[in-house]
Structures are given as structure tokens and as C-alpha cells.
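Notes for the structure review
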Amino acid sequence: NAPSESEADKLLQAVRKDPRATVASVEEILQKGPPYSNQKVGDQFHLPVDVNGEEMSYALYVPKSYDRKKAYPLVLCLHGMGFTGDGYLERWEGRLGERFILACPTMEDGAWWTAAAETLVLRVLREVTSRYHVDPNRVMLTGMSNGGIGTYLIGMMHADLLAAVSPMASGIPTEIFPFLENFKHTGVYIIHGAKDQIMPVSLSRDIHAYFEKLGYPVIYREHDRVHPMAGGHFFPKEEVPALVAWFSKQRRDPYPKEVISVRDIDHLDRFYWTKINQLSEDVASVLGSIENHQEAERVKKGEFARVSAKIQGNRIDLEARRVRRITLYLHPRLVDLGKPVAVYADGKKLFEGKVDPDLSVLLHEARDRHDPSMLFEAQLAVDLPPASRK
């Protein structure tokens, strides 16, 4: 990875001069991922990570049998209030055994609904995957109580990075339920105690009902156990085997033929093979609504951007709300780049023609995404007609 744009451009020019550098040959190299050196295994506590200039920390467990030539699934686990990542690592290490790499960030007071928490989780993901051989199609996010709230909030904005999420004993406000649509291709496993006295079980029941309305195949587990100290607000050990077995089966599809992307103003970047470049009107900020009354009112009104993109053959159909311009990233697993591609919105043809593979697109997307399983060979930007922006 080049540390700067200028160095990245120099590298691109050098690659272009190499007669062996075709899109296909470079992509084959990128798919293999970076070479991994020998790294420490076992428990690692209070590892530093920079979050916007502030040093934060996470705990990490790497199986003692770790083989750098083998790709491992990764579980990111978010603790509840009163806990730390170090403490949570010790709890979860025994639950997952030697099959998973486990990372547990520490967020003061369990405030996983903040911008710093989101950045922390993404930085930990980047840090671990740069050092260890993680399978990018087998990354899971889970959390309990406040950590479960973070699992929803962070997971729904970055569902394209995840194979699965498992929120426990938690919930989110109904006004941001529309963002749950982003989990269309992400496994969801919800656990909640019927006798939870801290986070009412109705929170998870309402979310489950919303998923059912969407037609998403979500697993919902409701237990009636009571802990002598935590009451109904806990994760029973009896639920562990089924969840871990489910984790073992989860795989991300990096190239789904249909993408639904609901975005707020703070999350307009890439989502699978789509990216919102320009809005047709202002949209709300979910994080901003926590402390800003005006933003809170806009969130309640559902002032979000939404894109639905579907591929059939070499035809791409778009539906959008509050979006003026969008970029589509293309790959042979999505369309046949040897043939013309047609893009429609509201029955109106926006584009038809060849979209040629481009080494520059491939390398820039690989650099920005840091994801060898989600590479793109071409891109196409289209302006949406006024009717589709409303």
C-alpha cells in the first residue's frame, strides 16, 4: 500500500510501463493479498491504535496454531458498559476456541454510538487484517448491551465489509430502522432475554419484525434465563454453541447482483459496487442527531439517501432517493465487460456502451478498499433523472 497519493501515482505509472501488467495479471496478484510475516500468537492485551490522533486500544487473540499461509475468520466483539476489550477477550476466547482470530476494542463507557467508536472499530479491522491472514469474506461483528447497539450502528453502515452481525440484548430507535435494509447480504443473529430488565426485549422483537417485513432471513433467539447478578440481561452459555456454529458457516458475497444502500450524510462512500457522488437534497446525520435537535427531527422524518441497484445480464436498473449522481464499480462477476452495459432508472436509459477494464481503476480501488476479495476493473458515473431523486 502506497502511503500517499503521489507515491500511488508513481507506482501506477511504473506498473503501466511493465509489458506484463494487464488488468487480469495485476488482479491475480492483488487477489493473493499481501505477504504475511510471522506474528505473535495467543493473548495480546491493550494494543495501541490511533483514532484521529488519540491513542485507544484493543485486545487480540490469535490461535496458537496460527498458520500465516491459511486465511482465518475474524470476530470483532464490542463490550458493554463497565467492561473493557481486555476483559471481553478473556470471556470470548474460550467461546470461540482455536478456529477464529478475535479482536475486542475498548471504548470508554461503552459509548459505541459515537463517531470515535465507529472509527475505532474500522481501524482495528484494518490493523488486524494488515498483520494477520484474515479472510475478508469471513469477518463478523458482535456485541452485548451497549456493544450490541454498536453492532447495529456500525454494522449497518459498513455491512459490505461483514459476513455477519450478532447483536445481543440491545436495540436501536425505530426511526433508523430503514438502515437495516443494508443487511440484505449480511447474516444477522439476534439474541435477547425475555426477562431483560435493562434493555427491554421489545427492542429486539420490533427489529425482528422489521426484518421479517423486509423478507430477510434473520435468526432470532429469545431466552428466558436469569443470571443471579445480571438478571435477564446477559448472554447464556447455553446459547454459545449454536452461535459459534453459525459464525463458522457465514460467508460474505463481495459481488451481490442486487444492492440496497440507505445512507446518511456521514456515510456516502462506497457500498459494495455503488457510491453516491452527489445528493439532490440534504440528508440527515444519524450520529449528529444524538446531540442536535434539528438533526434528530430530520432523522425522525426519514431524510436519508437510498439507492437500489440491480443487475440482470448486462443491464443495471437503478432506483434512488435524494441522489443526483452515482458511481457504479464493475467486475466480470457482475457484468460481461466484453459487451455493452446498459443503465436504466425509472425506465429511462441513462447509458449504453462498453465500459473497458482500466488498470488505474483496479489499483486505486484496491488501494482504497484494502480488500483483496472485492476488486473492481472498471467504473461508470451516471446522473440520475429528476424523477428518481425524490
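See the structure above.
Because the structure is a prediction, the values reported are computed rather than measured.

Quick notes on the pairing of strand β12 (residues 315–321)
- Of the two faces of β12, only the one carrying Ile-316, Leu-318 and Ala-320 is buried; Arg-315, Asp-317, Glu-319 and Arg-321 on the other face are not.
- As paired strands, strand β11 (residues 305–312) and β12 are joined by seven bridges and run antiparallel to one another. Across the sheet, residue Val-307 finds its bridge partner in β12, namely Ala-320.
- The turn linking β11 back onto β12 is made up of two residues, and Gly-313 within it adopts a positive phi angle of 65°.
- Across four bridges, the pairing between β12 and strand β14 (residues 341–345) is parallel. Within β14, the position partnered with Arg-315 by the bridge is Ala-342.

Some thoughts on the packing of aromatic side chains
- Under the definition given, this model contains 14 aromatic pairs.
- When the centroid spacing of 5.6 Å and the interplanar angle of 65° are considered together, the rings of Phe-83 and Tyr-88 count as edge-to-face.
- Judged by relative accessible area, which is 35%, Phe-83 ranks as partly exposed.
- Members of the aromatic cluster, each reached through a chain of ring pairs, are Phe-100, Tyr-189, Trp-246 and Phe-247.
- Stacked on the ring of Tyr-344, the Lys or Arg Arg-315 has its end atom at 3.7 Å from the ring centre.
- Across the ring face of Tyr-329, the terminal group of Arg-369 is positioned such that the distance to the ring centre comes to 5.1 Å.

Cut-off values and rules
Residues numbered from 1 in each chain as written. Predicted model: local features only at pLDDT ≥ 70, side-chain atom pairs only at ≥ 80, totals over all residues. Heavy atoms only, no water. Buried < 20%, exposed > 50% of the residue type's maximum accessible area, 1.4 Å probe, protein only. Helix = DSSP H or I, 4+ residues; strand = E, 2+ residues; numbered from the N terminus. Pairing = 2+ DSSP bridges. Phe/Tyr/Trp six-rings, centres within 6.5 Å; stacked < 30°, edge-to-face > 60°. Lys NZ or Arg CZ within 6 Å of the ring centre and 35° of its normal.

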